[in-house]
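Close look at the chain arrangement
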Number of protein chains: 2
Amino acid sequence: MPESFDPPQRILLGPGPSNVEARILQAMLKPILGYMDPVYLKCMDEIQSLLRSVFETSNRVTFSISGTGGAGMEACMANLVEEGEEVVACVNGFFGQRAADLAQRWGANVVRVEFEWGQPVDMEKVREAFRKSAARIVIMIHAETSTGMIQPIVELKSLRKIRDAIFIVDTVTSLGAHPVAIDRNEIDASYSCSQKGIGAPPGLSPVCFSERALDKIRKRKSRPRSWYLDVDLIDKYWSSDRIYHHTSPALMNYALREALAIILEEGLDNRWERHRRNSEAFAAGIESMGLEMLVAPGHRLWTLNAVRIPAGIDDARVRGRLLNEYNIEIGGGFGALKGKIWRVGLMGSGSTKNNVLLLLAALQRILKEEGFPVRS
Amino acid sequence: MPESFDPPQRILLGPGPSNVEARILQAMLKPILGYMDPVYLKCMDEIQSLLRSVFETSNRVTFSISGTGGAGMEACMANLVEEGEEVVACVNGFFGQRAADLAQRWGANVVRVEFEWGQPVDMEKVREAFRKSAARIVIMIHAETSTGMIQPIVELKSLRKIRDAIFIVDTVTSLGAHPVAIDRNEIDASYSCSQKGIGAPPGLSPVCFSERALDKIRKRKSRPRSWYLDVDLIDKYWSSDRIYHHTSPALMNYALREALAIILEEGLDNRWERHRRNSEAFAAGIESMGLEMLVAPGHRLWTLNAVRIPAGIDDARVRGRLLNEYNIEIGGGFGALKGKIWRVGLMGSGSTKNNVLLLLAALQRILKEEGFPVRS
């Protein structure tokens, strides 16, 4: 028999999960229902409608996939990519690389348009690669969680002047915290997660698909290999057909519903503004301490803030001290940025003035003790 | 803004989810942790160890997949099946059919050994089909949720006298309520779910893989298409490598851990015996009312009890009355058995003497009112 499990109360300022509001946790205690209970089906309808507001879309096919953000990414690739077709993928970080890898796993011949991690995607190069290719799919990461960089997805639609295409956009670290404007930006497929800007626990992946995307799926030569992530089958459960596909994770969806309701109560504009304000305050604090942000101003995510680790400072040691002495979690870097940056998440209910102040103060104390000449 | 969400307190006696014990729900309120937090990693280690006890296995690769039971089924097929290889699938219900379909989606040339739904799999026919084929994979459903039939998986290993093979066994509706004896039965891969015999909320799929299964995966000519369900990548996160794969659904795993601890506190033998006793009491009650069970004695699941709907009785109407007048959910039939059976789940904390008595009493009243000559 294991000992009792008493996790400490952390302040989660890493790449996600963030801390979950009590009201969302309470929603998970509501009586559980069967997956065909009329009351549960109504809850699903509400989730779809709430998600459409947050995605800023009128896409009918908008729902939560019963898996984490990676399952949403895979759902897009598994359904939209056909064997041997060309796909253009914009890569300027770990998740761009992963999306390109997944497209390849699902049979695509991937044209990677690569940039240094932390540098913006140059749309001229994307346009050139797209023009030279026969690609009918372009993949872009709106919010690159590995670097803290945001990419203006508004520029994608200009590619349609060259050739019609499906735009798949990763909004894992932007949905609920940054405007995504799926319809206005003419995005055809997007996937996100429950535990970052949305503020629910991890476990679900909100997705949406345009009519143009569904049309590409309907015209596939063969059905997608993946049954669990088959968008047509999942849609037949979420839509009025109500055909059983899998046993819906009811409590996770209760949490998602509550988190989405909280977002609309706050108001999308207010919520974006709150994330912007706290992120900018954090970056100002970091810079005034004599540290540097990885990403240039104007390209920074409000959710995920990447700080360059100063020379001579031990990444793991500082993060360990934050965790053990202050109960604060922040994230480290991935791949090329391992040991070079800290990733500070200010998302959902975690994006607060007090969290910014507290983390800056704790970091300042630790860095001083570690011998870094903190400006004050 | 949606109205407030106030689901009624149902007594869930369908195919799952079952009602979740307060102690398990409380576990989901414990402070959430990041996916690399040392305290969370310890929780994962404990889940692995607890799952091994419940699966009755020493398989190192034993963990929860971050999706429902269907994701576990797909993980087995996506990793073990290679393009064009022959697979023998035993089919005597909806989930046998689904498993065969999934093996086919993932590239198998499937030899279906089919039996009437609700009839046992005849091992002689399986042996014959296996001998004639070149199959190195055999798929069997231990607990067929669509019919309430259990299959003695102990017989599978005799096939090794003919040819070595990988046995994939579906324990979705047996794990935690029936003995599964993965090691003693020489099962190579098994998948289950969190919300039936385990008694946690839906959303996770416990799986385990033998060394023989891992060896087959390692020798694949190409990596599995699925990244989300790539067992090797998931194992690299659960094992001491601790390489990030996806953001683990922390609260769901807290619930799973608590549910598994409850199982071991009750004791596997006691838990199996409780499920047996309540199922037999229910069947006796049904038969004494003049109704019939679908499955012959000795082949019945203790978790999922299928009752034949008497001629002249309206399936949907009776289930609707149970739900609306008594707040009791039971399940209907699938496919060939639609409108012909009710599926009564007595699983996890829902397998109680009181639930048996209550459902029998409610059903008796409704059937009388619906004009069925209930014996008394």
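Residues numbered from 1 in each chain as written. Chains lettered and ligands numbered in written order. Predicted model: local features only at pLDDT ≥ 70, side-chain atom pairs only at ≥ 80, totals over all residues.

Right, let's get into the relation of the copies chain A and chain B. Least-squares fitting of chain A to chain B yields an RMSD of 0.0 Å, with the superposition described by an axial translation of 0.0 Å and a rotation of 180°. What the rotation and shift describe, once combined, is the action of a two-fold rotation axis. When C-alpha positions in chain A are compared against the rotation axis, the closest is assigned to G67(A), at 2.6 Å. With an isologous cut-off of 70% or more, the 100% of interface residues of chain A that recur at the interface of chain B puts this contact in the isologous class. (Least-squares fit on C-alpha atoms with pLDDT ≥ 70 in both. Contact = placed C-beta atoms within 7 Å.)

In this structure, A103(A), V138(A), I139(A), A103(B), V138(B) and I139(B) are the most contacted members of the largest nonpolar core, which totals 262 residues. Excluding residues that lie within four positions of it along the chain, V138(A) makes contacts with V88(A), F130(A), L156(A), L159(A), A165(A) and F167(A). (Core = buried A, V, L, I, M, F, W, Y, C linked by C-beta atoms within 7 Å. Buried ≥ 20, exposed ≤ 12 C-beta atoms within 10 Å, placed from the backbone.)

With that out of the way, let us pick up the environment of Y191(A). All names here are of chain A. Along the chain, Y191 turns up in strand β9 (residues 189-191). Between the C-alpha atoms of Y191 and S205, which are 14 residues apart in sequence, the distance is 6.5 Å. Once you skip the residues sitting within four places of it in the chain, Y191 turns out to touch G69, G72, M73, A75, C76, D170, V172, S205 and V207. (Helix = DSSP H or I, 4+ residues; strand = E, 2+ residues; numbered from the N terminus.)

Right, let's get into the pairing of strand β5 (residues 137-141) of chain A. Residue and element names in this part refer to chain A. Of all the five residues making up β5, five are buried; the element is thus mostly covered by neighbouring parts of the structure. The pairing of strand β3 (residues 86-91) with β5 spans two bridges and is classified as parallel. Bridge pairing in β5 places A89 opposite I139. With five bridges joining them, β5 and strand β8 (residues 166-170) adopt parallel strand pairing. Each bridged residue has a counterpart across the sheet, and for V138 the counterpart in β8 is F167. (Pairing = 2+ DSSP bridges.)

Contact residues are listed per partner, giving 57 residues for chain A and 57 residues for chain B. Every element with two or more residues in the side of chain A that touches chain B is listed here: α2 (38-55), α3 (69-80), α4 (94-105) and α8 (250-266) of chain A. Take the side of chain A that touches chain B: its biggest share by element is seven residues, from α8(A). Here the residues of the side of chain A that touches chain B sort into 31 nonpolar, 16 polar and ten charged. (Nonpolar A, V, L, I, M, F, W, Y, C, P; charged D, E, K, R; others polar.)

Right, let's get into the domain arrangement of chain A. Residues and elements named next belong to chain A. Under the domain assignment, chain A is made up of domain 1 (11-16 + 267-369) and domain 2 (22-264). Placing a centre on the C-alpha atoms of domain 1 and another on those of domain 2 gives a separation of 26 Å. Every contact between the two is made by 24 residues of domain 1 and, on the other side, 24 residues of domain 2. Where the side of domain 1 that touches domain 2 is concerned, the elements lending two or more residues are α9 (268-288) and β11 (304-308). Sort the elements by how many residues they give to the side of domain 1 that touches domain 2 and α9 lands first, with four residues. (Domains from an automatic or database assignment.)

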